[in-house]
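Architecture at a glance
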Amino acid sequence: MPAITFPRHLAVLILLSVACTFAGNHIAARIAFDHGTGLLLAILCRSGGTLLALTTLVLWRRESLRLGAAVMRWQLLMGLLIAVQSFCIYSAVVRIPVGLALLVVNLSPILLVLLTWLLGGPPPTRRAALIMGIILAGLVLVLDVPARLQGGMDGAWLEGVLFSLTAAAVFACALWITEHRLSDMAGPVRSMLTMAVVFGATSLAGASGVFPDGLSLPDAASGWLALLCLAVLYGTAFSVLFVCMPRLDIARNAPVMNIEPVAGMLFGWLILDQRLGALQIVGGLVVIGGIVLLAYRRPG
C-alpha cells in the first residue's frame, strides 16, 4: 500500500527545514576548519554519523542487502564519486563564502541534463537551453567575474570556484548513476552503502598520508563543537529526508530544496560575516530561480 503523502504545506516545511539543515552543516564545517580541523576528519565525522543513522534505518526496515555484481560495481563508483564531491565542496567552503560555494555546486542539474544528452538521452529543449543560459548569466554575476577580471584573479577564490564546479560535475555523474543504474535499489540501502564507501575511502586517504593535515584535530573547544554540529546536522537532514521521502511528494516539491544556497548566504552573513554585493545577491537569485524552472521543465 503506497504511503499517504503529507499535506503540501507540511511537506514544503519539512523540505525547507532539511535544506536549511544541510546549509547549516556547511557553516559548521567552515567554523571547524577555521579552528584547525582537518578536512578528512570532517568528512569522516559527517559520513560516519550518517552511516550509523542509515544502518539503523535499514536494519529497522529489514531491507534486503542482496546485490548483483554489476550493481555492486556501480554502487562502488557511486560512493567514490560522493567521496570526491564531499572533498571538493569542503575544499571550496574553506576558500570562498559558503553561499557562493553552494550556488556553484547547485549547477549540477544543468550538468546532469548535458550529461544525459551526451550519453544518448534526449537533448535539452529550447526552453531548457534558454533557462540554462540565464542560469549561467546569473552565475557570472554571483561570481563577480567582471570585477575579478579587472582586479586580477585571487588564487584562493579561483581554487574555491574550481572545487565547487568539480563538486557539481561529480554530483551530476552520481545523479545519473542513481537514475539509470541504481534506481531499483531501496533509497536507504543505496545511501547507506554510499556512505560506507565514502567513510572507507576517506579513511584510506587519511591513512595514506597524502593529505598531511587531513586528520588534524580542532585546536579549540569551538572547533570541536562545530565538528559535532556538522555531523549531527548532516546526519539528521539526510535521515529525515529518507525517512519522510515516501510522503513528501518529491516529484512535485523537490525544487524547494534549492533554498539551500540562499540559506547558506543568509547563515554565512549572520554567523560568519560573509557578505556578498547587491549584484552578487541578484545573480544568486537568478541562479536559484533558473534551477527551480529547470526542475519544472516540460518535455518536448
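Above this text is the structure in question.
Residues numbered from 1 in each chain as written. Predicted model: local features only at pLDDT ≥ 70, side-chain atom pairs only at ≥ 80, totals over all residues. Heavy atoms only, no water.

This part covers the overall build of the chain. Scanning the chain for helices and strands turns up 13 helices and zero strands. Listing the helices and strands of the chain from first to last along the sequence gives α-α-α-α-α-α-α-α-α-α-α-α-α. For the chain, whose C-alpha radius of gyration is 19 Å, the value lies close to the compact-globule estimate of 19 Å for 300 residues. Seen through its principal axes, the chain has C-alpha atoms that stretch 55 × 55 × 35 Å. Looking at the chain as a whole, 45% of its 300 residues qualify as buried. (Helix = DSSP H or I, 4+ residues; strand = E, 2+ residues; numbered from the N terminus. Rg over C-alpha atoms; globule rule 2.2 N^0.38 Å. Buried < 20%, exposed > 50% of the residue type's maximum accessible area, 1.4 Å probe, protein only.)

Quick look at the packing of aromatic side chains now. According to the stated counting rule, one finds six aromatic pairs in the structure shown. Ring centres of Phe22 and Tyr234 lie 5.5 Å apart, and the angle between their planes is 65 degrees; this geometry places the pair in the edge-to-face category. With Phe22 in helix H1 (residues 8–34) and Tyr234 in helix H10 (residues 221–244), this pair connects stretches of sequence that are 212 residues apart. A single burial state applies to Phe22 and to Tyr234, both of which are buried. (Phe/Tyr/Trp six-rings, centres within 6.5 Å; stacked < 30°, edge-to-face > 60°.)

What follows deals with the pattern of salt bridges. Overall, the coordinates contain three salt bridges when judged by the stated rule. One salt bridge connects Asp34 with Arg30, and the closest N-O pair in it is separated by 3.2 Å. Placement of the pair is Asp34 and Arg30 together in helix H1, with a separation of four residues, close to one helical turn. Overall, Asp34 belongs to the partly exposed group, its relative accessible area being 49%. A salt bridge links Asp273 to Arg275; its shortest N-O distance comes to 3.0 Å. Accessibility expressed as a relative area gives 59% for Arg275, which makes it exposed. (Salt bridge = Lys/Arg side-chain N within 4 Å of Asp/Glu carboxyl O.)

What follows deals with helix H12 (residues 260–272). All of the buried residues in H12 are Glu260, Pro261, Ala263, Gly264, Met265 and Gly268. A positive backbone phi angle near 60 degrees is found at Asp273, which sits one or two residues after H12.

In this section: the packing of helix H2 (residues 39–61) against helix H9 (residues 187–208). Relative placement of two packed helices is described by the angle separating their axes and the distance separating the axes. Closest axis-to-axis distance for the H2/H9 pair is 8 Å, and the angle between their directions is 150 degrees. Classified by the interaxial angle, the pair formed by H2 and H9 is roughly antiparallel. Two packed elements cross with a definite hand, and for H2 against H9 that hand is left-handed. Contacts between H2 and H9 involve Leu40, Ile43, Leu44, Ser47, Gly48, Thr50, Leu51, Leu54, Thr55, Leu57, Val58 and Arg61 from the former and Pro188, Val189, Ser191, Met192, Met195, Ala196, Val198, Phe199, Thr202, Ser203, Ala205 and Gly206 from the latter. Partitioning the contact of H2 with H9 into residue classes produces 15 nonpolar, eight polar and one charged. (Axes fitted to C-alpha atoms, helices over the stretch in contact; angles between N-to-C directions. Parallel < 35°, antiparallel > 145°, perpendicular 65-115°, else oblique. Left-handed = near helix turned anticlockwise from the far one by under 90°. Contact = heavy atoms within 4.5 Å. Nonpolar A, V, L, I, M, F, W, Y, C, P; charged D, E, K, R; others polar.)

Another aspect to go through is the nonpolar core. Grouped together as the largest cluster of nonpolar side chains are 83 residues, with contacts concentrated most on Tyr90, Leu143, Leu230 and Leu248. Take this core: its biggest share by element is twelve residues, from H1. Leave out the neighbours within four places in its chain, and Tyr90 touches Asn25, His26, Ala29, Phe33, Leu39, Ala42, Ile43, Arg46 and Leu230. (Core = buried A, V, L, I, M, F, W, Y, C linked by side-chain atoms within 4.5 Å.)

Residue position: Ala201 is located in helix H9. Assessed through its relative accessible area of 24%, Ala201 is described here as partly exposed. Non-local contacts of Ala201, meaning those with residues more than four positions away in its chain, are made with Leu80 and Ala83.

As a further point, take the side chain of Ser86. You can see Ser86 is positioned in helix H3 (residues 69–95). Engagement of the side chain of Ser86 in a polar contact is seen with the side chain of Arg46, the distance being 2.8 Å. Leave out the neighbours within four places in its chain, and Ser86 touches Ile43 and Arg46. (Polar contact = N/O pair within 3.5 Å; in protein donor to acceptor, adjacent residues only side chain to side chain.)

Here the focus is the packing of H1 against H3. The N-to-C vectors of H1 and H3 enclose an angle of 65 degrees; their axes lie 9 Å apart at closest approach. Regarding H1 and H3, the two cross each other, and that crossing is right-handed. Every residue of H3 that contacts H1 at Asn25, His26, Ala29, Arg30 and Phe33 is listed here: Ile89, Tyr90, Val93, Val94 and Arg95.

Further remarks concern the environment of Leu158. Examined against the element boundaries, Leu158 turns out to sit in helix H8 (residues 155–180). For the pair Leu158 and Ser208, spaced 50 residues apart in sequence, the C-alpha separation works out to 27 Å.

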